[in-house]
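Chain by chain, the residues:
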Amino acid sequence: MTLAQDGLPPLREVVAAFDLSPKKSLGQNFLFDLNLTGRIARAAGPLDGVAVVEIGPGPGGLTRALLAHGAKKVIAVERDARCLAALQAIAAHWPGRLDIVEADALSLEARLLVDKAGRAPIRICANLPYNVATALLVRWLEAEPWPPFYERLTLMFQREVALRIVATPAERADYGRLAVLAGWRTKARILFDVPAAAFTPPPKVTSSVVELVPRAEPAACDLRLLSGLTQAAFGQRRKMLRQSLKSFAASLRVASSDLLVAAGVDETRRAEEVDVDGFVALARAAEKIHQSH
Ligand code: SAM
C-alpha cells in the first residue's frame, strides 16, 4: 500500500478498511484531501506548544494534519464509536500526542478539556458536524468566565452560517443574534471557502472556514440581558424597537421607549439596523433599570 506523506494510509483506504460509510444523521461529510486539511491546520496555527481540541475527527483527516503541523497534543472528541479504531491507529503513529474522547461534544464539560490540555493553551479546530455546529459555537461564545478556556476557534461551517456569524447591519439579511454574540465577544472573519466537491459525500452547499479570536475585554454587559434583548428584537426584526422590545421592557417594569432613551438608541430603529455597540448599550441600560427597582 502507498502511504500518504505522514506515513499513514490514504484516508479513502482508512474509510474502506474500517467500514466507515458516512452517516447523514451524524453530519458526516469527510475530507480526504490532505492538502486541504493541511490548509485548515495552518489556519489554526502556529501550533507549537498548543493543545488543539478537535470536535468530530471522523476517520482523522484533519487530526492527522493538526499533528503533522506540530500540535503538542490533539484532544479529539468523537461521538461515532465506529471511528475509534481508525483514530487509535493515528494515536499509535504519534505516541502520546492524540487523546481520543468518545463523547457527544454537546454534553462535554469545558473543565475536562482544560484538564486534558494540562498547561498548554487550547485552540479549537474542527470541520463541524453541520447539525450541531451552531449550538456548539453558541456554547463556546457564552463560556464563563471570559476570556474563555480557548485562545482561538478555527471552524468549518456551511457558508450560510459563516455569513450569519460575521454579519454587520450592512448585511441585513444575515445579521442577527449570532452576529451580535460573536461580534460582542470575538473578532470573527471568514478565512476561505471550501467547495462542496471537497467532501465525501458532497453536501448541497459551499462551506467556509471561520476564525474567531476572543476579545480580551468585550464591553461589559450581562450576557443574559443581551441574549434576551436580541431574542426579542430579532424575533420581530421588521418591527420598530419600541414595538419589538415592549414585553422585554415590561419585564423590567418600564416602557420600551424609556429603555431605548436610556440606551441612546432611536426607538424607530429596527433590530437589523442596530450594531453590537447599540445592543450592548441597551443591555447596560436594562441592567441599570433592573438594579434601580
Ligand atoms: N473531521 C472529519 C473530516 O474533516 O473529515 C469529519 C468531519 S464530519 C463533518 C463531522 C464529524 O463529527 C463526524 O465524524 C461525526 O461522527 C462527528 N459528530 C457528529 N456529531 C457529534 C457530536 N455531537 N459530538 C462529537 N462528534 C460528533
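Below is a short write-up of the structure.

About the criteria used
- Residues numbered from 1 in each chain as written.
- Predicted model: local features only at pLDDT ≥ 70, side-chain atom pairs only at ≥ 80, totals over all residues.
- Heavy atoms only, no water.
- Near = heavy atom within 4 Å.
- Polar contact = N/O pair within 3.5 Å; in protein donor to acceptor, adjacent residues only side chain to side chain.
- Areas by Shrake-Rupley, 256 points an atom, 1.4 Å probe, with all protein chains shown as cover.
- Helix = DSSP H or I, 4+ residues; strand = E, 2+ residues; numbered from the N terminus.
- Pairing = 2+ DSSP bridges.
- Axes fitted to C-alpha atoms, helices over the stretch in contact; angles between N-to-C directions.
- Contact = heavy atoms within 4.5 Å.
- Core = buried A, V, L, I, M, F, W, Y, C linked by side-chain atoms within 4.5 Å.
- Buried < 20%, exposed > 50% of the residue type's maximum accessible area, 1.4 Å probe, protein only.
- Domains from an automatic or database assignment.
- Left-handed = near helix turned anticlockwise from the far one by under 90°.
- Nonpolar A, V, L, I, M, F, W, Y, C, P; charged D, E, K, R; others polar.

With that out of the way, let us pick up the site of the ligand. Inspection of the region around the ligand gives 20 residues, with Leu 31, Gly 56, Glu 78, Asp 104 and Asn 127 positioned closest. One of the side-chain nitrogen or oxygen atoms of Gln 28 is found 2.8 Å away from an oxygen atom of the ligand. Between a nitrogen atom of the ligand and a main-chain N or O atom of Arg 79, the distance comes to 3.4 Å. About the coverage of the ligand: the protein hides 99% of its 590 Å² of free accessible area. At the level of elements, strand 1 (30-31) and strand 3 (73-78) are the ones that each hand at least two residues to the shell around the ligand.

So, on to the sheet that holds strand 7 (residues 186-194). Taken together, the 7 strands give an open sheet; going across it, the order is 4-3-2-5-6-9-7, and neighbouring strands pair in mixed fashion. Of all the strands in the sheet, just strand 4 (98-102) and strand 7 have a single pairing partner and so form its edges. On average, each strand axis in the sheet is tilted by 20° relative to the strand beside it, whichever way the strands run. Bridge count between strand 5 (residues 122-127) and strand 6 (residues 152-158): 5 bridges; the pairing is parallel. Residue pairing in the sheet places Cys 125 in a bridge with Thr 154 of strand 6. With respect to the sheet, helix 4 (residues 84-93) is in contact with strand 3 and strand 4, its orientation differing from that of strand 4 by roughly 165°. Across the sheet, helix 6 (residues 133-141) is in contact with strand 2 (51-55), strand 5, strand 6, strand 7 and strand 9 (207-214); its angle to strand 6 comes to roughly 155°.

Membership of the largest hydrophobic core comes to 66 residues, with the highest contact counts inside it found for Leu 155 and Phe 279. No fewer than three residues from each of domain 1 (11-214) and domain 2 (223-292) sit in this core. The residues touching Leu 155, leaving out its near neighbours within four places in the chain, are Ile 124, Cys 125, Ala 126, Leu 128, Leu 137, Trp 140, Ser 208, Val 209, Val 210 and Leu 212. One finds Leu 84, Leu 87, Trp 94 and Met 156 within the second-largest nonpolar core, a separate group that totals 37 residues.

Inspection of the secondary structure assignment puts Ala 196 in the loop between strand 7 and strand 8 (199-200). Residue Ala 196 is classed as buried on the basis of its relative accessible area of 19%. For the pair Ala 196 and Gln 158, spaced 38 residues apart in the sequence, the C-alpha separation amounts to 9.6 Å. Aside from chain neighbours lying at most four places away, what touches Ala 196 is Pro 202, Pro 203, Val 205 and Thr 206.

This part takes up the environment of Pro 59. Its location among the elements puts Pro 59 in the loop between strand 2 and helix 3 (61-68). Assessed through its relative accessible area of 3%, Pro 59 is described here as buried. Separated by 14 residues in sequence, Pro 59 and Gly 45 place their C-alpha atoms 22 Å apart. Ignoring sequence-local partners within four residues, the contact set of Pro 59 consists of Leu 11, Val 14, Val 15, Leu 20, Phe 30, Cys 83, Ala 86, Leu 87 and Ile 90.

Omega for the peptide link from Gly 45 to Pro 46 comes to 0°, which places this bond in the cis form. In this structure, Pro 46 sits in the loop between helix 2 (34-44) and strand 2. Of the consecutive residues Glu 144 and Pro 145, the connecting peptide bond is found in the cis state with omega at -5°. Among the secondary structure elements, Pro 145 is positioned in the loop between helix 6 and strand 6. Positive phi values are uncommon outside glycine, yet Asp 19 reaches one of about 55°. Tracing the backbone through its elements, the reader meets Asp 19 in the loop between helix 1 (11-17) and strand 1.

Another aspect to go through is the packing of helix 12 (residues 256-263) against helix 13 (residues 276-292). Relative orientation and spacing of two packed helices are given, respectively, by the angle between their axes and the distance between those axes. In contact at an axis separation of 8 Å, helix 12 and helix 13 are set at 115° when each is read in the N-to-C sense. Considering how the two elements wind past one another, helix 12 and helix 13 form a crossing that is right-handed. Residues Leu 259, Leu 260, Ala 262 and Ala 263 of helix 12 touch helix 13, and the partners they reach there are Ala 281, Leu 282, Ala 285, Ala 286 and Ile 289. Of the residues contributing to the contact of helix 12 with helix 13, the split by class is 9 nonpolar, no polar and no charged.

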